[in-house]
Amino acid sequence: MLRDEDSLERRIEKLTRINEALIERIDRADSARGSTYMLFQTAAVLEQEVLARNRDLETALAHLGEINRELALARETADEANRSKSRFLRAASHDLLQPLSAAKLFLSHLAEVATEPLQADLVGRIGNAFDSTEELIKALLEISRLDSVRLDVASERVSLGRLFQKLAVDFHGAAEAKGLDLRFVISSATVMSSPVFLRRIAQNLVSNAIKYTASGRVLVGARREGTDVWLEVHDTGPGIAEEDQERIFNEFERLSPEGETQGTGLGLSIVRRACLRLDHEVALRSSPGKGACFRVRLPLALDVPGAL
Ligand SMILES: Nc1ncnc2c1ncn2[C@@H]1O[C@H](COP(=O)(O)OP(=O)(O)O)[C@@H](O)[C@H]1O
Ligand SMILES: [Mg+2]
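The structure presented is a predicted model; accordingly, all values stated were derived computationally and were not measured.

1. Concerning the domain arrangement of the protein
Right, on to step 1. Domain boundaries assigned for the protein yield domain 1 (1-151) and domain 2 (156-299).
Right, on to step 2. Between the C-alpha centres of domain 1 and domain 2 the distance comes to 38 Å.
Right, on to step 3. Every contact between the two is made by 13 residues of domain 1 and, on the other side, 11 residues of domain 2.
Right, on to step 4. Each partner contributes to the roughly 1100 Å² buried at the junction of domain 1 and domain 2, and carbon and sulfur atoms together form 64% of this total.
Right, on to step 5. Counting the surface domain 1 buries against domain 2, the share from its top three residues, Glu142, Ile143 and Leu146, is 51%.
Right, on to step 6. Viewed at the interface, domain 2 and domain 1 are joined by two salt bridges.

2. Describing the environment of Thr227
Right, on to step 1. Assignment of secondary structure puts Thr227 in the loop between β4 (217-225) and β5 (228-235).
Right, on to step 2. In this structure, the C-alpha to C-alpha distance between Thr227 and Val185, residues 42 residues apart in sequence, is 20 Å.
Right, on to step 3. Leave out the neighbours within four places in its chain, and Thr227 touches Pro299 and Leu300.

3. Comments concerning the environment of Asn204
Right, on to step 1. If you trace the backbone, Asn204 turns up in helix α4 (residues 195-212).
Right, on to step 2. Taking the C-alpha atoms as reference points, Asn204 and Ile270, separated by 66 residues in sequence, lie 8.2 Å from one another.
Right, on to step 3. Apart from residues lying up to four places away in sequence, Asn204 is in contact with Gly267, Ile270 and Val271.
Right, on to step 4. A polar contact is formed between the side chain of Asn204 and the backbone oxygen of Arg200, at a distance of 3.0 Å.

4. Some points on the packing of aromatic side chains
Right, on to step 1. According to the stated counting rule, one finds two aromatic pairs in the structure shown.
Right, on to step 2. With centroids separated by 5.8 Å and ring planes inclined at 45°, the aromatic side chains of Phe164 and Phe184 adopt a geometry described as tilted. Here Phe164 is found in helix α3 (residues 160-177), whereas its partner Phe184 is found in strand β2 (residues 181-184), with 20 residues between them in sequence.
Right, on to step 3. Judged by its relative accessible area of 3%, Phe164 is buried.
Right, on to step 4. Geometry around Trp230 places Arg295 over its ring, the cationic atom sitting 3.9 Å from the centre.

5. Concerning the site of ligand 1
Right, on to step 1. Near ligand 1, the surroundings consist of 18 residues, among which Asn208, Tyr212, Arg254, Gly265 and Leu268 are the closest.
Right, on to step 2. Between ligand 1 and Asn208, the relevant distance is 2.8 Å, taken from an oxygen atom to a side-chain nitrogen or oxygen of the residue.
Right, on to step 3. Within the side chain of Lys211, one N or O atom sits 3.1 Å away from an oxygen atom of ligand 1.
Right, on to step 4. Within the complex, the protein chains bury 97% of what would otherwise be the 530 Å² of accessible surface of ligand 1.
Right, on to step 5. Taken together, the elements giving at least two residues each to the shell around ligand 1 come down to α4 and α5 (267-278).
Right, on to step 6. Of all the elements, α4 adds the most residues to the shell around ligand 1, at four residues.

6. Overview of the sheet that holds β5
Right, on to step 1. Here we have five strands laid out as an open sheet, ordered β2-β4-β5-β7-β6, and mixed in their pairing. With one partner strand each, in any of the chains shown, β2 and β6 (281-286) form the two edges of the open sheet. Here the strands of the sheet are splayed against their neighbours by 20° on average, with no regard to which way each runs.
Right, on to step 2. Judged from the four bridges that link them, β2 and β4 form a sheet pairing that is parallel. Of the residues in β4, the one forming a bridge with Leu182 is Val218.
Right, on to step 3. In the packing of α3 onto the sheet, the strands contacted are β2, β4, β5 and β7 (292-299), and the crossing angle to β2 comes to about 170°.
Right, on to step 4. Sheet strands in contact with α4 are β2, β4, β5 and β7, and its direction is about 25° off that of β5.

7. Some points on α3
Right, on to step 1. Across its 18 residues, α3 extends 25 Å between first and last C-alpha, which sits within 8% of the 26 Å expected from 1.5 Å per residue.
Right, on to step 2. Immediately downstream of α3, the backbone of Gly179 shows phi near 70°, a positive value.

8. So, the environment of Lys290
Right, on to step 1. Inspection of the secondary structure puts Lys290 in the loop between β6 and β7.
Right, on to step 2. Sequence separation between Lys290 and Pro238 is 52 residues; the distance between their C-alpha atoms is 6.6 Å.
Right, on to step 3. In contact with Lys290, other than residues within four places in its own chain, are Gly237 and Pro238.

Basis of the calculations
- Residues numbered from 1 in each chain as written.
- Chains lettered and ligands numbered in written order.
- Predicted model: local features only at pLDDT ≥ 70, side-chain atom pairs only at ≥ 80, totals over all residues.
- Heavy atoms only, no water.
- Domains from an automatic or database assignment.
- Contact = heavy atoms within 4.5 Å.
- Buried area = accessible area lost by both parts, 1.4 Å probe.
- Salt bridge = Lys/Arg side-chain N within 4 Å of Asp/Glu carboxyl O.
- Helix = DSSP H or I, 4+ residues; strand = E, 2+ residues; numbered from the N terminus.
- Polar contact = N/O pair within 3.5 Å; in protein donor to acceptor, adjacent residues only side chain to side chain.
- Phe/Tyr/Trp six-rings, centres within 6.5 Å; stacked < 30°, edge-to-face > 60°.
- Buried < 20%, exposed > 50% of the residue type's maximum accessible area, 1.4 Å probe, protein only.
- Lys NZ or Arg CZ within 6 Å of the ring centre and 35° of its normal.
- Near = heavy atom within 4 Å.
- Areas by Shrake-Rupley, 256 points an atom, 1.4 Å probe, with all protein chains shown as cover.
- Pairing = 2+ DSSP bridges.
- Axes fitted to C-alpha atoms, helices over the stretch in contact; angles between N-to-C directions.
- Expected span 1.5 Å × (residues − 1).

Below, the structure is given as structure tokens:
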């Protein structure tokens, strides 16, 4: 502070410093005021920006809603088309089976009178062609049933032991005709599945195992895993290469050359569809030359502890 005893130079020096400090303070205040103004300006610009983005967002959301409505409509149309395709397939397959069974009946009459070897041979061939056609139509009918939303595939208790007994009856003759050793490992497991569809699944797997195995054995068994049980069909056939293991489950996909084995190429696609409807996992373990093991995972019926 200024004192009376200070010299004039000293006073001037002090006053100059005070002056500098004041100017500095004023400068600072000015710049603060400036930045507040800048902030205010920036905020105003930002607010405009936010409003604009909000409007963009609202437009985009409205657009999205419109697209969603269009998608739902397209989906509904596609579902209806699919349903009508299934209905058509079902009706056509059903109607085709009737004249076919009539033709088979006529053929059996013809077989009685066709005594010449050539005639008998032809009758036999026509019979085989009819059988293949019938098999194909029945498979298509089955697929369209499995695709139908109205199909009831409710699960109930199924005894694997009893299923194995029925399969043994179904396939005993076919295995014997090929000299194959068909075996069922006795099982006391009770699972939750559809008796009809589980039997169809197993029939497809066992018939494939017998069809594609030239010699050796086909083994059907059950293996427990936690609260599930795997129904397994092992064979000593040619096996399936890794790269083919997915696609053989597709419709009309066959690995063996045309004419070597008879088949529609629909069996495994029926297995896949039925398993999907029943929520059963299907798995395949195989490598070329080492046979194949097709497996289906089934939930054990809960109130039967230690069912295996
Ligand atoms: N156990 C098996 N061993 C070897 N190949 C198999 C076996 N099961 C199925 N396949 C192959 O998968 C293909 C598809 O089987 P599938 O859908 O049942 O039709 P299909 O038996 O009428 O040909 C068969 O053609 C065959 O090439
Ligand atoms: Mg088959």
